Amino acid sequence: MSYKIPMGPYHPALEEPYKLDLICEGETVIDAQLHIGFNFRGIEHLAETRNYIQVIALMERVCGICSNIHTLTLCNAMEGLTGLTPPPRAQYIRVIMAELERLHSHVLWAGIAAKLMGFKTMFMTCFELREKVMDVLQAISGNRVNYSMNRIGGVNRDITDPQSILRLVEALELEMGRTVIPIFTTSRTARSRCAGIGVLTTEKAVALGVVGPVARASGLPQDLRRAAPYAAYTEMDFDVPVQPAGDVTARLLVRALEIMESCKILRQALSKLPPGEIATEGEKFVFTTGTATARVEAPRGEVMYSVSWKEGSRNPARVHVRTPTFAVMPAIRWMVKGARLADTPLIQASIDPCYSCTDR
Amino acid sequence: MTPLESISEKLGTTEPWIQKGGVHWLTLGATNVRELAKAMNELHARFITITAYQLPKNEGFRLEYHWDLDGQLLGFSFPLAAHSIDSIFDLCEAADWIEREIHEEYSLDFQGREYEPLLLRQGDTLGVNLRDAVAASNTVAVSQEKK
């Protein structure tokens, strides 16, 4: 006999509100239904009432963790409508911010995953590291969450002393290489808790159109930084980690390896930071009528913005945001099928979901 | 043959691809959205999203479908005279949530499928992003503030 266990919308195992109805037989999950919308704020429509400066501040608030990525994608799209091209130094600073944000997001996720594994010491270690990443972000932007770095045609703040930031990044890399990576890749606790659970096969990943680390952990080598480079990514040398197993361990490994790749990119960007302006100062621009679309590889995967403008208008006519969790979350249903009930919190956390992004 | 040319061949169109605003656009003429979805599946293109536009005055809606093919962003535009279009959910599972979201936000019907609630709760009305609905809700909010 099957029975239904509702998890959420407010539940200790969920970081944000959403609802998972688990259909179980005994301790085994045989199906699941997902319900979102508890954070629905109508941001896309609200954007139509904001001018080109205000809309950046608004879209920065779509997500608390990848706030910089949202403004970067929005600015890329708006630059497509205005014809502005950010100077090289601004493109490098955009890469640096994006990779620091990826580090922040992945380390935060690693902490939450550790907590759900019952590995509290690791949780504390990850959150200590996360604080240090946030210190670096604060040193650059003056802010710890919403960085206000991107603007049309460049960035708002310069990195005046890249060597000091580089030293902070190297210290972070050392600590991650010494603690987080070895523990997540070799610890028996992590392996026994994650191996073989929440499997998303390559075929299902393709069918569902999943993105980011979840896709890469199911054997799909897709990464926009490589496939459709933006900012200064064409000048960066990095690998795209891919794991074929599709289970929670694979997602853990992909993110762990991505932490090291982000550090590699940061070292390159900080040491090669070109001189010059950080924005197209004093250059007048107008929005042309039309739609421009931009895509960026956020920590959780592909973010896409479509921005429509009518020439002479103060506000955008339409802003559509496709966030990575929106593409990945339907996969949870397939990951939890056949899983033990006790594994479902860790499985749903393994996609690093962001409901704030998803609901918008 | 380039990937874009192979799409044109599959869809039987001689229209040129136009690169604009970061997207490769193809005008489809009589091709319907289900034929397009089948062609995209055959080419192993990755579905990304559908963007709904409410056109000015009473001109209806426009839906833009996006796929990724080897890092190239493809776009196909479908004007909607009525409030409905064929669903591609059975051909493209990845389109499930965005069809449900557009159904709830713009009260558009994707024919040939059923909907489970996505963003809205029981008792909420469809069309929360429609211009009229938002204008009406703003009027209510302002009048409540005045009280």
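Note that this is a predicted model, so its numbers are computed, not measured.

**Student:** Outline the interface of chain A and chain B, supporting the account with residue identities and numerical values.
**Tutor:** The extent of an interface is frequently quoted as the accessible surface area lost upon association of the parts. Taken together, the contacts link 36 residues of chain A with 33 residues of chain B. Roughly 2,800 Å² is buried in total at the junction of chain A and chain B, and carbon and sulfur atoms are behind 53% of that figure. A salt bridge links Arg360 of chain A to Glu101 of chain B, with the shortest nitrogen-to-oxygen separation between them at 2.5 Å. Across the chain A-chain B interface, the total number found is ten residue pairs in polar contact (both at pLDDT 80 or more).

**Student:** Go over the sheet that holds strand E3 (residues 28-35) of chain A with me, naming the residues and quoting the values.
**Tutor:** All names here are of chain A. Taken together, the three strands give an open sheet; going across it, the order is E1-E2-E3, and neighbouring strands pair in antiparallel fashion. Among the strands making up the open sheet, the edge pair consists of strand E1 (2-7) and E3. Shown here is a sheet whose adjacent strand axes are inclined to one another by a mean of 20 degrees, direction ignored. Where E1 lies against strand E2 (residues 19-25), six bridges are found, and the strand directions are antiparallel. Counterpart to Lys4 in the pairing with E2 is Ile23.

**Student:** Break down the pattern of salt bridges for me, with residues and values.
**Tutor:** All names here are of chain A. Scanning all chains against the criterion turns up 36 salt bridges over all chains. Notably, a salt bridge pairs Glu44 with Arg360, separated by 2.9 Å at the nearest N-O pair. Of this pair, Glu44 sits in helix H1 (residues 43-47) while Arg360 is found in the segment after helix H15 (355-359), placing the two residues 316 residues apart along the sequence. Note on Glu44: relative accessible area 3%, which makes it buried. You can call Arg360 buried: its relative accessible area is 3%. Of the charged contacts in the structure, one is a salt bridge between Arg89 and Asp158, with a shortest N-O distance of 2.8 Å. Here Arg89 is found in helix H4 (residues 88-117), whereas its partner Asp158 is found in the loop between strand E5 (154-155) and helix H6 (162-186), with 69 residues between them in sequence. Owing to a relative accessible area of 10%, Arg89 belongs among the buried residues under this scheme. Asp158 gets classed as partly exposed once you look at its relative accessible area, which sits at 30%. A single network of salt bridges, built from pairs that share partners, joins Glu99, Arg102, Arg216, Asp223, Arg225, Glu258 and Glu297.

**Student:** Summarise the confidence of the model for chain A; cite the residues concerned and give the values.
**Tutor:** Looking at chain A, pLDDT values average 89 and 99% of them are 70 or higher. The secondary-structure element of chain A with the lowest mean pLDDT is helix H7 (residues 188-194) of chain A, recorded at 80, while helix H9 (residues 212-216) of chain A shows the highest, at 95.

**Student:** Any details on the pairing of strand E3 (residues 46-54) of chain B? Residues and values, ideally.
**Tutor:** All names here are of chain B. With nine of nine residues buried, E3 lies mostly within the body of the structure. Of the strand pairs in this sheet, E3 and strand E4 (residues 61-69) are connected by eight bridges, and their pairing is antiparallel. Bridged to Thr51 within E4 is Glu64. Hairpin remark: E3 followed by E4, antiparallel, with six residues in the connecting loop; positive phi at Lys57, about 50 degrees.

**Student:** For the packing of helix H3 (residues 67-82) of chain A against H4 of chain A, give the residues involved together with the corresponding values.
**Tutor:** All names here are of chain A. Following both chains from N to C, one finds H3 and H4 inclined at 145 degrees, their axes separated by 9 Å at the closest point. Here H3 runs over H4; the crossing is left-handed. Note on element contacts: H4 touches H3 through Arg94, Met97, Ala98 and Glu101, opposite Ser67, Asn68, Ile69, Leu72, Cys75, Asn76 and Glu79.

**Student:** Give me the lowdown on the state of the cysteines, citing residues and values where you can.
**Tutor:** Residue and element names in this part refer to chain A. Under the criterion given, the structure shown has zero disulfides over all chains. The closest cysteine sulfur to the non-disulfide-bonded Cys126 is located on Cys194, 12 Å from its own sulfur. A disulfide-free cysteine, Cys354 has its sulfur positioned 3.5 Å from the sulfur of Cys357, the nearest such atom. For Cys354, a relative accessible area of 2% corresponds to the buried category.

**Student:** Help me get a handle on unusual backbone geometry, residues and values and all.
**Tutor:** Residues apart from glycine generally show negative phi values, whereas peptide bonds are mostly found in trans. In this structure, Ala231 of chain A is a non-glycine residue whose phi angle is positive, near 45 degrees. What makes Ala231 of chain A partly exposed here is its relative accessible area of 25%. In this structure, His44 of chain B is a non-glycine residue whose phi angle is positive, near 60 degrees. Here His44 of chain B shows up in the loop between helix H2 (33-42) and E3. Its relative accessible area of 70% is what places His44 of chain B among the exposed residues.

Rules behind the numbers
Residues numbered from 1 in each chain as written. Chains lettered and ligands numbered in written order. Predicted model: local features only at pLDDT ≥ 70, side-chain atom pairs only at ≥ 80, totals over all residues. Heavy atoms only, no water. Contact = heavy atoms within 4.5 Å. Buried area = accessible area lost by both parts, 1.4 Å probe. Salt bridge = Lys/Arg side-chain N within 4 Å of Asp/Glu carboxyl O. Polar contact = N/O pair within 3.5 Å; in protein donor to acceptor, adjacent residues only side chain to side chain. Pairing = 2+ DSSP bridges. Helix = DSSP H or I, 4+ residues; strand = E, 2+ residues; numbered from the N terminus. Axes fitted to C-alpha atoms, helices over the stretch in contact; angles between N-to-C directions. Buried < 20%, exposed > 50% of the residue type's maximum accessible area, 1.4 Å probe, protein only. pLDDT = per-residue confidence, 0-100. Left-handed = near helix turned anticlockwise from the far one by under 90°. Disulfide = S-S within 2.5 Å.

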